[in-house]
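A closer look at the structure
These are the residues of each chain, in order.
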Amino acid sequence: MASVDSPKMDFTKFHNTIDGKLTTTPTTRHGINPANKEALAEVPVSTQAEVDSAVAAARVAFKKWSKTTFDERSKALHAFADGLNNYKEEFAHLLVTEQGKPLFQAKGEIDMAVNFLKELSSLELPEEVLEDTEERKILGRYLPLGVVGGIVPWNYPVLLACGKIASSIYTGNTVIIKPSPFTPYCSLKLGELGLQYFPPGVFQVLSGGDDLGPMMTIHPGLDKISFTGSSETGKKVMESCSKTLKRVTLELGGNDAAIVCEDVDIEAIIPKVALVSFFCSSQICMMIKRLYVHEKIYDQFRDALVKHTEALKSGEGHTPDVFFGPIQNNMQYEKVKSLMEAINKEGVKPALGGKVEESKGYFITPTIIDNPPETSRIVTEEPFGPVLPLLKWSDEDDVIARANDTKMGLGASVWSKDLVRAERMARQLEAGGIWINSHFDVSPRVPVGGHKWSGIGSEFGVNGLKGYCNLQSLWLWKK
Ligand code: NAD
């Protein structure tokens with residue numbers, strides 16, 4: 001399926017992709033640019049009819065696609081990744097407009113998506129020889145499930161969609177992507193781009209309203225839901241999927257702790273700590289959301305972090321040197337505002353920010369909270385906005401217990417020059433991803449998955465791919 005002669009995509013018009021065709025719906029809706037609240041282009045509002053058509057096409061396509069080899073599927077995904085890379089500028093600008101993130105972060109997301117498409121479809125998932133004797137050979141085979149529904153949130157719409165696209169298609173499944181109603185634009189263009197690289201029905205995209213996700217999770221024609229979003233919605237997804245015993249992968253919320261020991265080089269680590277606390281205006285599941293700093297260096301560390309953070313510029317994502325974009329949507333903006341109000345009511349002290357200033361868009365002033373009680377909402381809840389609590393600690397066992405005292409278990413980190421001590425502490429943390437002297441490193445070769453209420457199963461790496469497969473034990477008796 002060549003892309004060379006394909007017409008240039010128009011990034012001002014948006015369609016569903018169903019059965020190899022661009023389609024729309026009688027009713028349409030539009031998203032909002034979060035930097036200025038202006039209306040964006042119209043997008044389809046899919047109903048049961050569109051879901052049924054896409055599922056039917058995906059089931060037909062699965063019959064042939066599941067018979068192709070890993071190598072053939074890898075080639076198609078690599079070509080799709082190159083196609084995405086060719087449109088990097090267009091996708092990045094569209095992403096800034098619909099999501100709000102600064103242009104350098106949007107370009108970074110497209111680069112990551114290209115890399116994940118290629119690397120995920122270069123992993124090996126061969127048949128495993130479980131036993132091989134004179135009498136018999138036993139093989140473990142990884143077989144595609146059928147049709148996957150990929151449900152995507154609004155914070156990393158391109159990367160998270162591409163992770164689900166690559167994992168589904170590479171393992172021989174067909175996939176229907178459903179973007180968040182807040183950020184449908186780039187996903188719809190991914191679907192349109194996919195027409196050049198995949199047979200009809202292999203990769204489809206449907207946009208819609210709040211009722212579209214439930215239509216997919218309950219649909220008997222889907223075999224798996226790969227969901228990324230909040231823990232509350234994750235529970236609903238699992239409940240609905242149980243009716244048809246669909247497989248689920250759930251990548252959910254986090255409340256990551258980072259523990260900073262007293263021996264760190266404060267000036268050296270501050271830029272990195274700020275980056276992995278405030279990237280994408282903290283609208284990332286694996287950002288630092290509780291920052292425990294040893295009491296011996298607490299004041300100095302707080303002052304250095306405040307100085308560094310207040311120098312970072314906020315604004316519309318295309319403005320040069322902007323680091324903080326707006327909150328992506330009104331719903332999340334109101335949630336962060338309610339946390340800010342709680343801060344004032346609970347009497348906890350901001351070391352930076354603490355007030356919501358009037359602006360054209362959904363902007364929140366970056367805020368650092370000075371040693372709030374462990375029970376305050378800003379510590380116990382995932383803010384998903386640039387509001388970071390700094391907490392004091394002195395005893396190693398106590399801080400580990402505090403870090404683990406949450407229903408969440410996505411990521412956690414320890415920062416120290418003493419690597420033996422850091423590893424000893426890190427090994428006691430209850431989360432799916434643990435870093436020493438870092439946070440939020442991700443790689444297509446490494447599984448990401450939450451413990452506790454942060455998820456079920458994992459995405460990425462060979463382990464992630466296995467979640468898109470049925471395991472079959474094949475017993476070959478030789479006599
Ligand atoms: P959300 O749960 O509100 O929505 C996620 C997706 O689910 C959207 O596409 C939405 O339309 C859809 N949806 C909503 N209700 C549904 C239902 N009943 N059935 C099926 N689908 C439904 O989450 P969000 O606000 O878009 O994203 C923010 C959350 O996502 C945060 O909690 C964040 O930590 C989490 N997140 C987790 C990861 C991870 O890898 N663990 C990555 C990114 C974001």
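The structure presented is a predicted model; accordingly, all values stated were derived computationally and were not measured. (Residues numbered from 1 in each chain as written. Predicted model: local features only at pLDDT ≥ 70, side-chain atom pairs only at ≥ 80, totals over all residues. Heavy atoms only, no water.)

With respect to the overall build of the protein chain
- Scanning the protein chain from terminus to terminus reveals 15 helices and 24 strands.
- Against the globule reference of 23 Å for 479 residues, the protein chain gives a C-alpha radius of gyration of 23 Å, in line with a compact fold.
- Once the C-alpha set of the protein chain is aligned to its principal axes, its extents read approximately 70 × 65 × 40 Å.
- In the protein chain, which comprises 479 residues, the share counted as buried stands at 57%.
- Roughly 19600 Å² of accessible area belongs to the protein chain as shown, and the carbon and sulfur atoms make up 54% of that amount.
- Averaged over its 53 positive side-chain charges, the protein chain has a centre that lies 4 Å from the centre of its 60 negative ones. (Helix = DSSP H or I, 4+ residues; strand = E, 2+ residues; numbered from the N terminus. Rg over C-alpha atoms; globule rule 2.2 N^0.38 Å. Buried < 20%, exposed > 50% of the residue type's maximum accessible area, 1.4 Å probe, protein only. Areas by Shrake-Rupley, 256 points an atom, 1.4 Å probe, with all protein chains shown as cover. Lys, Arg positive; Asp, Glu negative; His and termini not counted. Charge placed at Lys NZ, Arg CZ, Asp CG, Glu CD.)

Description of the pairing of strand S3 (residues 28–32)
- Judged from the four bridges that link them, S3 and strand S4 (residues 39–44) form a sheet pairing that is antiparallel. Considered in S4, the bridge of Ile32 is made with Ala39.
- The loop that links S3 with its antiparallel partner S4 comprises six residues; one of these, Lys37, has a positive phi angle of about 65°. (Pairing = 2+ DSSP bridges.)

Looking at the environment of Asp71
- Topologically, Asp71 is positioned in helix H2 (residues 70–86).
- We classify Asp71 as partly exposed; its relative accessible area is 48%.
- Each C-alpha atom, one on Asp71 and one on Leu474, is 22 Å from the other, the two residues being 403 residues apart in sequence.

Focus: empty space enclosed by the protein
- All told, the structure shown has three cavities of 30 Å³ or more when counted by the stated rule.
- One number sums up the size of the largest cavity: a volume of about 80 Å³.
- Forming the boundary of the largest cavity are 15 residues, of which Arg290, Ala403, Gly411, Ala412 and Glu430 lie nearest the centre.
- Listed by contribution, the elements that provide at least two residues to the lining of the largest cavity are strand S12 (256–260), helix H13 (396–404), strand S19 (408–409) and strand S20 (411–415).
- By residue class, the composition of the lining of the largest cavity is seven nonpolar, five polar and three charged. (1 Å grid on protein atoms, 1.4 Å probe; cavity = no way out; pocket = protein on both sides within 12 Å on 5 of 7 lines; lining within 4 Å. Points joined across faces, edges and corners; volume = space filled by probe spheres on them. Nonpolar A, V, L, I, M, F, W, Y, C, P; charged D, E, K, R; others polar.)

Re the packing of aromatic side chains
- Tallied over the full model, the rule gives 16 aromatic pairs.
- A ring pair is formed by Phe14 and Tyr185, whose centres lie 4.8 Å apart and whose planes are at 80°; its orientation type is edge-to-face. Taken as a pair, Phe14 in the segment before strand S1 (16–18) and Tyr185 in helix H6 (residues 185–194) lie far apart in primary sequence, 171 residues in all. Both residues of the pair, Phe14 and Tyr185, count as buried.
- Aromatic ring contacts, followed pair by pair, group Trp65, Phe80, Tyr197, Phe198 and Phe203 into a single cluster. (Phe/Tyr/Trp six-rings, centres within 6.5 Å; stacked < 30°, edge-to-face > 60°.)

With respect to the layout of surface pockets
- Of the pockets and cavities examined, the second largest pocket occupies roughly 180 Å³.
- Lining of the second largest pocket is provided by Ser66, Thr68, Phe70, Arg73, Leu125, Pro126, Glu127, Arg141, Tyr142, Leu143, Pro144 and Thr171.
- Taken together, the elements giving at least two residues each to the lining of the second largest pocket come down to H2 and strand S6 (136–144).
- Among the elements that take part in the lining of the second largest pocket, S6 stands out by supplying four residues, more than any other.
- Its residues assigned to classes, the lining of the second largest pocket shows six nonpolar, three polar and three charged.

Structural notes on the domain arrangement of the protein chain
- Domain annotation of the protein chain identifies domain 1 (16–252 + 454–477) and domain 2 (257–443).
- The distance between the C-alpha centroids of domain 1 and domain 2 comes to 31 Å.
- Summed over both partners, the interface of domain 1 with domain 2 comes to about 2400 Å²; 63% of that surface belongs to carbon and sulfur atoms.
- If you sort the residues of domain 1 by the area they bury against domain 2, Ala35, Trp154 and Ser454 come out on top, with a joint share of 23%.
- Across the domain 1-domain 2 interface, the total number found is 11 residue pairs in polar contact (both at pLDDT 80 or more). (Domains from an automatic or database assignment. Buried area = accessible area lost by both parts, 1.4 Å probe. Polar contact = N/O pair within 3.5 Å; in protein donor to acceptor, adjacent residues only side chain to side chain.)

Quick notes on the sheet that holds strand S5 (residues 128–132)
- Taken in spatial order, the three strands line up as S5-S6-S24 in an open sheet, and their pairing is antiparallel. Two strands in the sheet have a free side with no partner beyond their single neighbour: S5 and strand S24 (469–477). Along the sheet, successive strands turn relative to each other by an average axial angle of 20°, direction set aside.
- Note that S6 and S24 share nine bridges and pair antiparallel. Residue pairing for S24: Leu139 is matched across the bridge by Leu474. (Axes fitted to C-alpha atoms, helices over the stretch in contact; angles between N-to-C directions.)

Some remarks on the site of the ligand
- Around the ligand sit 27 residues in total, of which Val152, Ser230, Thr233, Leu252 and Glu382 are the nearest.
- Residue Val152 places a main-chain N or O atom 2.7 Å away from an oxygen atom belonging to the ligand.
- A distance of 2.9 Å is found between an oxygen atom of the ligand and a side-chain nitrogen or oxygen belonging to Trp154.
- Protein chains shield 88% of the accessible area of the ligand, which is 860 Å² for the free molecule.
- Tallying contributions element by element places helix H7 (residues 212–218) first for the shell around the ligand, with three residues.
- Looking at side-chain class alone, the shell around the ligand contains 14 nonpolar, 10 polar and three charged residues. (Near = heavy atom within 4 Å.)

So, the sheet that holds strand S18 (residues 387–393)
- Overall, mixed pairing links the seven strands, which are arranged S16-S17-S18-S13-S12-S20-S21 in an open sheet. The open sheet has two edge strands with one neighbour each: strand S16 (349–352) and strand S21 (433–436). Neighbour to neighbour, the strand axes of the sheet diverge by 25° on average, direction disregarded.
- Note that strand S13 (residues 288–294) and S18 share four bridges and pair parallel.

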